[in-house]
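Structural description and commentary
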Amino acid sequence: MNWTWFHRLASPPSFFRFAQRLAPWLGGLGLLLLVACWFGGLVLAPADYQQKDAFRIIYVHVPAAAVSLTLYVAMAVCGAITLIWRMKLAECVLIAIAPVGASFTALALITGMLWGKPMWGAYWVWDARLTAELVLLFLYLGVVGLNGAFDDARAAARACGLLAIVGAVNVPIVHFSVDWWNSLHQGATILKFGKPNISADMAWPLYCGLLGTYLWCAAAVLRRTQNELLLRERGTRWVRELGTELDGAADVS
Amino acid sequence: MSAFVALFARELKLAARAKTEWLMPPLFFVIVVTLFGFGVRPNDPQLAAFAPAILWVGALLAALLSLERLYRSDQEDGTLEQLLVSDTSLTFAVFVKSLAHWLLSGLPLVLLAAPLASMLGLPSAQFAPLVLGLALGTPCLSFIGGFVAALTVGLPRGGALLPVLVLPLIVPVVIFGAGAVRAAGQGLDAGAPLYFLAAILMFTLTVLPWLAAAALRNAFE
């Protein structure tokens with residue numbers, strides 16, 4: 001198999017152009033799916049027999065929580081690539097993922113709390129799933145903080161990679177916490193073996209929401225990676241050429 | 001073996017010359033626990049119920065105090081660079097340093113735990129799981145904390161960052177450690193959480209010195 005496309009993609013200028021082309025599509029498609037999810041979930045789907053309309057927060061909560069875990073795994077994988085192959089691009093992706101992941105973890109926690117108040121009678125309970133997700137937020141913020149403390153961007157990314165790898169121990173704990181411990185949080189409904197425990201007319205908006213959130217996140221990470229690349233490579237020729245291109249375009253308009 | 005003795009003896013000698021440094025964590029532990037006694041109304045029976053959490057969090061915070069110094073002073077006087085270029089494995093050196101850290105600032109806390117527990121009114125049946133749990137849990141902190149100290153060694157703002165990075169990583173230690181004491185309080189077997197602590201300790205002993213060595217090399221690149 002020919003791997004030259006892969007090596008070419010790893011170089012900052014070609015990845016920048018690749019992301020420039022891809023990000024609007026991912027973001028646009030993601031937004032479209034999210035709108036479908038919101039319409040399907042908030043208008044078309046029937047109310048739950050027990051939770052009534054309050055269950056509809058699932059269309060924000062579940063995608064945000066799923067993304068928060070996936071992004072952490074992606075960050076740890078980038079950390080491993082950073083440490084083993086010293087790939088500049090992986091460093092930038094790692095740094096780009098941390099704030100996005102932290103935001104979605106916070107979103108999952110906040111929507112979970114809003115859902116918990118009417119259903120459990122409390123915004124917060126000291127439950128395995130909730131505390132593990134909170135620790136995940138601290139881990140994300142730790143990576144952001146550690147990155148900010150370094151002067152040298154490359155050393156920062158490698159240190160963050162190490163921290164991300166150690167923190168990855170928490171990911172299976174979050175995912176399986178509802179099976180391992182007696183939890184107030186409900187068990188796995190969709191991401192499990194066998195048939196999902198959700199009726200089809202409630203499920204399709206949720207699947208749209210999941211896919212839409214993933215695409216939206218991918219676009220956000222690509223955009224942040226682009227910024228990081230520009231910041232790090234600001235002295236190089238391709239960035240200066242990009243700058244003059246943009247200047248030229250601004251002069252014409 | 002001679003490298004082990006040399007490194008370990010050096011840590012002890014340095015500690016013997018700076019007595020206040022390793023006297024601070026036990027003192028801090030005593031003060032924190034006493035403050036809880038002042039915070040509630042006199043002889044509140046609730047205090048005994050919260051004693052496991054107070055003692056565990058107090059001990060971990062106290063051990064955290066001396067973590068920043070673990071590599072900072074070695075980095076300032078150039079010892080760390082000597083370790084990096086020497087033919088002794090860096091992973092091994094990190095292991096020895098973390099072990100010495102535990103001996104100097106973890107073990108005194110373990111020994112202090114029982115008297116402090118009786119001060120808080122913890123029933124004596126819970127002493128054994130408390131002390132045993134701390135004996136397993138404080139080395140975890142020395143090794144996890146040693147890794148984070150290695151990550152932040154050259155940083156000008158590392159001091160404030162260190163606890164923020166360490167504390168989320170030691171959540172499982174607190175859960176199982178305080179859990180063992182509570183289990184004993186309810187007349188249950190404290191074995192299961194203690195075995196979990198032992199498993200976490202084995203994991204940290206084997207994996208983290210290796211990662212800490214990688215972090216130190218990164219700091220000097």
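So, here's what we can say about the structure.

Each value, and the rule that gives it
- Residues numbered from 1 in each chain as written.
- Chains lettered and ligands numbered in written order.
- Predicted model: local features only at pLDDT ≥ 70, side-chain atom pairs only at ≥ 80, totals over all residues.
- Helix = DSSP H or I, 4+ residues; strand = E, 2+ residues; numbered from the N terminus.
- Contact = placed C-beta atoms within 7 Å.
- Rg over C-alpha atoms; globule rule 2.2 N^0.38 Å.
- Buried ≥ 20, exposed ≤ 12 C-beta atoms within 10 Å, placed from the backbone.
- Axes fitted to C-alpha atoms, helices over the stretch in contact; angles between N-to-C directions.
- Parallel < 35°, antiparallel > 145°, perpendicular 65-115°, else oblique.
- Left-handed = near helix turned anticlockwise from the far one by under 90°.
- Expected span 1.5 Å × (residues − 1).
- Bend = angle between axes of the 7 residues up to and from the residue.

A word on the overall build of chain A. On a plain count of helices and strands, chain A comes out with nine helices and zero strands. For chain A, the sequential pattern of α-helices and β-strands runs α-α-α-α-α-α-α-α-α. When the backbone C-alpha atoms are referred to their principal axes, chain A occupies close to 60 × 40 × 40 Å. Counted over contacts in chain A with a minimum sequence separation of 6, partners at least 24 positions apart contribute 77%.

On to the overall build of chain B. Secondary structure assignment for chain B yields ten helices and zero strands. Along the chain direction, N to C, the helices and strands of chain B fall in the order α-α-α-α-α-α-α-α-α-α. Rg of the C-alpha trace for chain B: 18 Å, near the compact-globule value of 17 Å for 221 residues, within the 12% margin. Expressed as lengths along the three principal axes of its C-alpha atoms, the size of chain B is roughly 55 × 35 × 30 Å. Burial status across chain B gives 47% buried among its 221 residues. Contacts in chain B between residues far apart in sequence, at least 24 positions, make up 82% of those at least 6 positions apart.

This part is about the interface of chain B and chain A. Every contact between the two is made by 17 residues of chain B and, on the other side, 15 residues of chain A. Elements with a contribution of two residues or more to the side of chain B that touches chain A: helix 7 (127-151), helix 8 (158-169) and helix 10 (191-219) of chain B. With six residues, helix 8 of chain B is the single largest residue contributor to the side of chain B that touches chain A.

A positive phi is found at Arg86 of chain A, a non-glycine position, where the angle reads about 55°. Note on placement: Arg86 of chain A falls in the loop between helix 3 (58-85) and helix 4 (88-120).

Before going further, it helps to examine the packing of helix 3 of chain A against helix 6 (residues 153-167) of chain A. Residues and elements named next belong to chain A. Between helix 3 and helix 6, whose axes approach to 8 Å, the crossing angle comes to 130°. Judged by the angle between their axes, helix 3 and helix 6 are oblique. Relative to helix 6, the crossing made by helix 3 is left-handed. Taking contact as the criterion, the partners of Met75, Ala76, Gly79, Ala80, Thr82 and Leu83 in helix 3 are, on helix 6, Ala157, Arg158, Cys160, Gly161, Leu162, Ala164 and Ile165.

All names here are of chain A. When you line up the elements, Pro46 lands in the loop between helix 2 (12-44) and helix 3. Residue class for Pro46 comes out exposed when judged on the 9 C-beta atoms lying within 10 Å of it. Remark: the alpha-carbon pair of Pro46 and Arg56, spanning ten residues in sequence, is separated by 9.6 Å.

This part takes up helix 3 (residues 46-65) of chain B. Between its first and last C-alpha atoms helix 3 of chain B spans 28 Å; for 20 residues at 1.5 Å apiece the expected length is 28 Å, and the two agree. The largest bend along helix 3 of chain B reaches roughly 40° and is located at Pro52 of chain B.

Residues and elements named next belong to chain A. Position of Trp124 among the secondary structure elements: in the loop between helix 4 and helix 5 (128-149). Looking at Trp124, the number of C-beta atoms within 10 Å reads 14, which means it is partly exposed. Distance in space between the C-alpha atoms of Trp124 and Arg237 is 52 Å, their sequence separation being 113 residues. Those residues in contact with Trp124, other than ones at most four positions away along the chain, are Met113 and Leu130.

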